[in-house]
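Geometric and topological summary
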Amino acid sequence: MLQNEYICSKFKDLNASDFIVKPFDTLLNDGTTTWKTPSNIALVKYWGKRDPQLPENPSISFTLNNCHTVTTMAYQKRISRETEFSFEIIFEGKTKDSFKPKIQKFFERIVDYVPFIKDYHFIISSENSFPHSSGIASSASGMSALAMCLMTIEKRLNPGMDTSYFYKKASFLARLGSGSACRSVKGDLVVWGEHEEIAGSSDLYGVPFSTKVAPVFKEYQDTILLVDKGEKQVSSTVGHELMHGHPFAKNRFQQAVDHISKIKTILATGNVQDFIALVESEALTLHAMMMTSQPYFILMKPNTLEIIQKVWNYREAHKSSICFTLDAGANVHLLYPKSEKEMVREFIEKELAMFCQQSHFIHDELGSGAIEIE
Ligand code: DP6
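Every value quoted in this text rests on a predicted model; they were computed, and no experiment measured them.

Around the ligand sit 16 residues in total, of which Tyr46, Lys49, Ser178, Ser180 and Arg183 are the nearest. Between the ligand and the protein, one listed contact pairs an oxygen atom with a side-chain N or O atom of Ser178 at 2.7 Å. Side-chain polar atom of Thr237 to an oxygen atom of the ligand: 3.0 Å apart, as the coordinates give it. In isolation the ligand has 460 Å² of accessible area, and contact with the protein removes 92% of it. It is helix H6 (residues 236-241) that contributes the most residues to the shell around the ligand, three residues altogether.

Attention now moves to the pairing of strand E1 (residues 30-44). The buried fraction of E1 amounts to 12 of the 15 residues, a majority that puts the element mostly inside the structure. Pairing of E1 with strand E14 (residues 371-373), which is carried by three bridges, proceeds in the antiparallel orientation. What sits directly across from Lys36, in E14, is Ile371.

This next bit is on the packing of aromatic side chains. What the rule picks out here adds up to 22 aromatic pairs. Between Phe24 and Phe116, the aromatic rings sit 6.3 Å apart at their centres with planes inclined by 50°, giving tilted as the arrangement. Within this pair, whereas Phe24 is found in the loop between helix H1 (3-11) and E1, its partner Phe116 is found in the loop between helix H2 (100-110) and strand E7 (120-128), the two being separated by 92 residues in sequence. For Phe24, a relative accessible area of 19% translates into the label buried.

A few words on the nonpolar core. If you look at the biggest cluster of nonpolar residues, it comprises 80 residues, and the most contacted ones within it are Ile60, Phe107, Phe116, Ile117, Phe122 and Phe275. Of the residues forming this core, the biggest block, nine residues, is contributed by helix H3 (residues 139-157). Of all hydrophobic cores here, the second largest spans 21 residues; its members include Ile308, Val311, Phe347 and Cys356.

Turning our attention to the packing of helix H7 (residues 249-269) against helix H8 (residues 272-291). Between H7 and H8, the least distance of the axes is 10 Å, while the angle of their chain directions is 160°. Between H7 and H8, the angle is such that the two are roughly antiparallel. Considering how the two elements wind past one another, H7 and H8 form a crossing that is left-handed. Touching Arg252, Gln255, Ala256, His259, Lys262, Ile263, Ile266 and Leu267 of H7 are Asp274, Phe275, Leu278, Ser281, Glu282, Thr285 and Met289, all from H8. Of the residues in the contact of H7 with H8, the class split is seven nonpolar, four polar and four charged.

A few words on the domain arrangement of the chain. For the chain, the assigned domains read domain 1 (16-209) and domain 2 (216-365). Each partner contributes to the interface: domain 1 provides 32 residues, whereas domain 2 provides 45 residues. Buried area between domain 1 and domain 2, summed over both chains or domains, comes out near 3,200 Å², and the portion from carbon and sulfur atoms is 68%. Per-residue buried area on domain 1 facing domain 2 is highest for Leu43, Lys45 and Trp47; these three make up 25% of the total on that side. Taken together, the connections running from domain 1 to domain 2 amount to one salt bridge. Among the salt bridges present, the one from Asp188 reaches Lys218, with a minimum N-O distance of 2.8 Å. Linking domain 1 to domain 2 there are 16 residue pairs in polar contact (both at pLDDT 80 or more). Mapped onto the side of domain 1 that touches domain 2, the elements with two or more residues apiece are E1 and strand E4 (59-77).

Definitions and cut-offs
- Residues numbered from 1 in each chain as written.
- Predicted model: local features only at pLDDT ≥ 70, side-chain atom pairs only at ≥ 80, totals over all residues.
- Heavy atoms only, no water.
- Near = heavy atom within 4 Å.
- Polar contact = N/O pair within 3.5 Å; in protein donor to acceptor, adjacent residues only side chain to side chain.
- Areas by Shrake-Rupley, 256 points an atom, 1.4 Å probe, with all protein chains shown as cover.
- Helix = DSSP H or I, 4+ residues; strand = E, 2+ residues; numbered from the N terminus.
- Buried < 20%, exposed > 50% of the residue type's maximum accessible area, 1.4 Å probe, protein only.
- Pairing = 2+ DSSP bridges.
- Phe/Tyr/Trp six-rings, centres within 6.5 Å; stacked < 30°, edge-to-face > 60°.
- Core = buried A, V, L, I, M, F, W, Y, C linked by side-chain atoms within 4.5 Å.
- Axes fitted to C-alpha atoms, helices over the stretch in contact; angles between N-to-C directions.
- Parallel < 35°, antiparallel > 145°, perpendicular 65-115°, else oblique.
- Left-handed = near helix turned anticlockwise from the far one by under 90°.
- Contact = heavy atoms within 4.5 Å.
- Nonpolar A, V, L, I, M, F, W, Y, C, P; charged D, E, K, R; others polar.
- Domains from an automatic or database assignment.
- Buried area = accessible area lost by both parts, 1.4 Å probe.
- Salt bridge = Lys/Arg side-chain N within 4 Å of Asp/Glu carboxyl O.

As structure tokens, this is what we get:
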């Protein structure tokens, strides 16, 4: 038996087929559902995937609290079940047809799992707590919000559904919209991708990291420094694609597996020094993968490097526990314990804001996942 097959059979929880439902005989005529779902920042990064949106390695993230999307989905039964989807999108109060192809693709991917989407016309109204052009990816919070709304409709059609299935399927659907979105559903720390030391972990959906987490990490702070608010030159989807045939892919995927094992111990013991070393290495490895892809690309900007250097200097001078991580862009996430909040915020205002576009940054902290708005 191959190692992979062994891991799958030993740790598999639900299969994709467990999420398929038959079209419902009785449908509700209309209704609305609203969810507020967060963004997340990966500590061990997802970079590289295979069809259908399955990760090449496990990842773990902090769920954020302040950076979120609020989505209301209004549904109205159509006269008959149609072959085409029917939906409108309103973003921050205005019709937004440019988002339609992405939602169309999402619906196509998930229709076998939520067949009722062909029975309804939807009006999807969304807004983000963070500025639209901030360089903060809205796909994680946006796709998870849609998934939560759809699962709420499914639960109204099938009230006997159990809560664990509800959240797993919501994460499963969100993943099909955007991989990292599956980590924006439930939990303060979330693991996505099978790992033999994480019980219940799956490539299909994210699961809350349920082993011990030291108090220091439960209150971790994240300030996002907005270095570049523009559209990225290379999308994450293209970046993931370039991991196919990448000369370092195999080692990178193994490194991520090893990092999950290590971070499990770090989180349990509260070892902030080891946390810093692992998290910064992950961020730089992610960007090293981009720089060594064919074609190669660089998403960091000169100010990204200025900030990293300042953070290292500050950490040394003040014996601080601040560290940085990066997502697929130029913005910098600063992670630090709550006990350092005041000092670090002063440092950011005095020494780092000048490297941000229009001196913009967003203070955030560890959050707990999606919330239904009544
Ligand atoms: C660098 O989830 O945005 O942020 O699955 O193609 O939608 P798609 O990609 P996406 O990739 C995120 C990559 C990352 C690391 C991470 O969040 O783990």
